[in-house]
Amino acid sequence: MNLLPMRPQHAPGEHLTSLLERTAVANNISPRAFGLRAATIAREHVDAAVVDRLSRAVAVPARDLATMTLDAYPTGAIGRRHRPAATHRTWRLPAVRWSCPRCTPATGIYDRDWQLALHPLCTRCPALLRVHDDVDRPLVAPPDERAVATQRRITAHLDKLRRSRRSDGTLRRLYELTSLIAVTSDEHWPRLAGWEHELRRETLAHRTWTCRPPTQPAQAAIVVLEAWRAIESPARAERLVHDGWDRIRTHPDTEVRSLEDRWYRLLPKPPITERLTAERPERPSRQTLTRLQSELRQLAMAHGLQPRHVPDWILLPDERFAPSPGQWPLRTELARVTRHLLDGDRNGVLKMPGGRYRMPFSRWVAEDRGIRPGLAQAISDQVRALVDDGLIDYAERRQYVAASHHLLGRLRTAAPGLDLGDHALRAWVWVMLTHGPASTRAETDLAVETDARLDPEQRLALRDAALDHLTQITETGATESCPLPLSPTVLREGT
């Protein structure tokens, strides 16, 4: 093919087929003139003859055009081309193309990365992508900043892989985690926020990532973005893996339960959970304490982590509502130790009146002598989870919860017919919102019992209503007198 008079410039990140189609339109010729066929696109590959013809037509070196295809990435990272009826990992879309419903109609451009199931968003517009020829599908609301920021981090990793031509195993772990989530995900799990939560409510889940990725961008967005955030946070990943395997093993469908035997190698390894106890046979380590102090300083500088962001309990990844009752004193003391390490004990949170310490390990930390590795790991996992989930001022939250007498009415409106007394509901909402014990052991016991009585729909409705109410009074700064129980931390610290 000879040099064409109209030669569109290729955009950064553009897919080769996108440039080819734009060139054909600009010169009023058919894409078939370059050797492009529908079957060629379906094979997710553009052969060398097509690249050579386009290179001569637009005067761009063939090696530069080759980087505009998925062959620019290492096969170990994005997977091989899809084989029918195969069971393997591949991020390559199964015989469809994704484009942006907002910018592609105006420019004709669709990106190379959009042909991978881990890139369901256009970060420029921003917008949820759609199947290229599915022009009749209605547009959904634009993704929120959290979703777009996550997609940008995935894009940055793809750029890193393209430059290095080496697979670091990250996308393999991401595919395993995505597959695990997709098998048993529902409208309540995993916990999503904002735009992703609303999109999941309107989207039919794609379960069989172990065979092939989905064809619809929405089906990818509701699992991939959360899975990537888990890849970035070991604590978050551990929670998802633990919950995912637990849901598989207890699923009512025998087909799902059999995944552990049939697709074991395509899913993350099942967790080996070691419970944190106050009597672990570990010796305190000065080196471990130094590493923990350094980690907390880095999180404080990078994310603004402060003592007020630490709740009254340090929770393990598999603990949704509260620790087991025997762990309450230890978890409360771990929270005090975390605040001590963050503020340098300026507030003297570790010592009781009279100068005594509540637990022996608190003295070791206060005297800068060391900490047991298991305790340090629990603190590290918790603070990283706090940062990943978005820092919350728990000191302020305790104030607002304790000062809202309209909250119980809001909860009863959200869950009509709820068979719970005011005392039980007050205790439950305190523990749920503050992630800490109520003012007495009896009230905390009542909160745990109440949570066990709630069905998933009631729990979600109550939680959403409580958070909505909290957001309103936080934004207005309203404070009201209220009979909700104050925790010991609030009474002691006067916060």
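In what follows, the structure referred to is the one given above.
Worth saying up front: this structure is predicted, and the values here are computed from it rather than measured.

K.L.:
I'm lost on the pattern of salt bridges in this one. Help?
P.N.:
Pairing is possible between side chains that carry opposite charge, provided their charged atoms lie close to one another. Tallied over the entire structure, the rule returns 27 salt bridges. We note a salt bridge from Asp 71 to Arg 92, for which the minimum N-O separation is 4.0 Å. Here Asp 71, found in the loop between helix 4 (62-66) and helix 5 (75-78), pairs with Arg 92, found in the loop between helix 5 and strand 1 (98-99); they are 21 residues apart in sequence, far enough to count as distant. The exposure class of Arg 92 is buried, given its relative accessible area of 3%. Put simply, Arg 441 and Asp 445 hold a salt bridge, and the shortest N to O gap is 3.4 Å. Note that Arg 441 and Asp 445 are positioned in helix 21 (residues 441-453) at a spacing of four residues, about one turn of the helix. Members of the salt-bridge network, linked through shared partners, are Glu 196, Glu 226, Arg 229 and Arg 236.

K.L.:
Quick question: what am I supposed to make of the packing of aromatic side chains here?
P.N.:
We describe a pair of aromatic rings using the distance from one ring centre to the other and the angle between the two ring planes. Considering all chains together, one arrives at five aromatic pairs under this definition. Arranged with centres 4.7 Å apart and planes meeting at 75 degrees, the rings of Trp 91 and Tyr 175 form a pair that is edge-to-face. Of this pair, Trp 91 sits in the loop between helix 5 and strand 1 while Tyr 175 is found in helix 8 (residues 170-184), placing the two residues 84 residues apart along the sequence. Here Tyr 175 falls in the buried class, since its relative accessible area comes to 1%. One aromatic cluster is present, formed by Trp 91, Tyr 175 and Trp 209 through successive ring pairs. Taking the ring centre of Trp 364 as reference, the NZ or CZ of Arg 369 above it sits at 4.0 Å.

K.L.:
How do you make sense of the side chain of Arg 459 when you look at a structure like this?
P.N.:
With respect to the secondary-structure elements, Arg 459 resides in helix 22 (residues 456-476). On the basis of relative accessible area, Arg 459 is assigned to the buried category, the value being 18%. Here Arg 459 is in contact with Arg 320, Trp 428, Asp 451 and Leu 454, once residues within four sequence places are set aside.

K.L.:
Before we go on, may I ask you to explain the layout of surface pockets in this structure?
P.N.:
If a probe the size of a water molecule is rolled over the atoms, the empty space left behind becomes visible. Size it by volume and the second largest pocket reaches roughly 340 Å³. Leu 128, Arg 137, Pro 138, Val 140 and Ala 218 are, among the 21 residues lining the second largest pocket, the residues nearest its centre. Mapped onto the lining of the second largest pocket, the elements with two or more residues apiece are strand 3 (127-128) and helix 10 (217-232). Here the element with the most residues in the lining of the second largest pocket is helix 10; it accounts for three residues. For the lining of the second largest pocket, a count of residues per class yields 14 nonpolar, three polar and four charged.

K.L.:
For this particular structure, what's the right way to read the environment of Ser 18?
P.N.:
Along the polypeptide, Ser 18 turns up in helix 1 (residues 16-26). For Ser 18, the contacting residues outside a window of four places in its chain are Gly 108, Ile 109 and Tyr 110.

K.L.:
Explain the nonpolar core to me, please; I cannot follow it from the model alone.
P.N.:
Across soluble globular proteins, nonpolar side chains show a tendency to be buried alongside one another. Trp 91, Leu 118, Leu 171 and Trp 209 are the most contacted members of the largest nonpolar core, which has 54 residues in total. When contributions to this core are tallied by element, the ones reaching two or more residues are helix 5, strand 2 (121-122), strand 3, helix 7 (145-164), helix 8, helix 9 (194-201), helix 10 and helix 11 (234-249). In terms of residue count, helix 10 provides more of this core than any other element does, 10 residues in total.

K.L.:
Would you take a moment to explain helix 1 for this structure?
P.N.:
In an α-helix there are 3.6 residues to a turn, and that puts residues three or four apart on one side. Judged by how many residues are buried, helix 1 sits mostly within the fold: nine of 11 residues are covered. Along helix 1, the residues that are buried comprise Leu 16, Thr 17, Ser 18, Leu 19, Leu 20, Glu 21, Arg 22, Thr 23 and Ala 24. Just downstream of helix 1 lies Asn 28, where phi reads positive at about 55 degrees.

Cut-off values and rules
- Position numbers for residues count from 1 along each chain, tracking the sequence in the order it is written.
- Selection of residues for local features in this predicted model requires a pLDDT of at least 70, selection of side-chain atom pairs for listing and counting requires 80 or more, and totals for whole chains, interfaces and linings are taken over all residues.
- In computing side-chain values, all of the structure's heavy atoms are included and hydrogens and water are not.
- By convention in these notes, a salt bridge is any Lys or Arg side-chain nitrogen within 4 Å of a carboxyl oxygen on Asp or Glu.
- Comment: elements are numbered from the N terminus, with helices defined as DSSP H or I runs of at least four residues and strands as E runs of at least two.
- Only protein chains enter the accessibility calculation, which uses a 1.4 Å probe; a residue is then buried when its area is under 20% of its type maximum, exposed when over 50%, and partly exposed in between.
- Planes of paired rings set the category: under 30 degrees apart is stacked, over 60 is edge-to-face and the rest tilted, where pairs are Phe, Tyr or Trp rings (Trp by its six-membered ring) whose centres lie within 6.5 Å.
- Definition used: whenever NZ (Lys) or CZ (Arg) falls within 6 Å of the ring centre and also within 35 degrees of the ring normal, the charge is taken to sit over that ring.
- Here a residue-residue contact requires only that any non-hydrogen atoms of the pair lie within 4.5 Å.
- Space inside and on the surface of the protein is sampled on a 1 Å grid over the protein atoms alone, with a cavity defined as a set of points where a 1.4 Å probe fits but cannot get out and a pocket as an open set with protein on both sides within 12 Å along at least 5 of 7 lines; lining residues have an atom within 4 Å of a point.
- Grid points are joined across faces, edges and corners, and a volume is the space filled by probe spheres set on the points.
- Asp, Glu, Lys and Arg are counted as charged, while Ala, Val, Leu, Ile, Met, Phe, Trp, Tyr, Cys and Pro are counted as nonpolar; the rest, among them Gly, fall into the polar class.
- Among the buried residues, those of types Ala, Val, Leu, Ile, Met, Phe, Trp, Tyr and Cys that are joined through side-chain atoms within 4.5 Å form a nonpolar core.

Nothing here speaks to function; it is all geometry.
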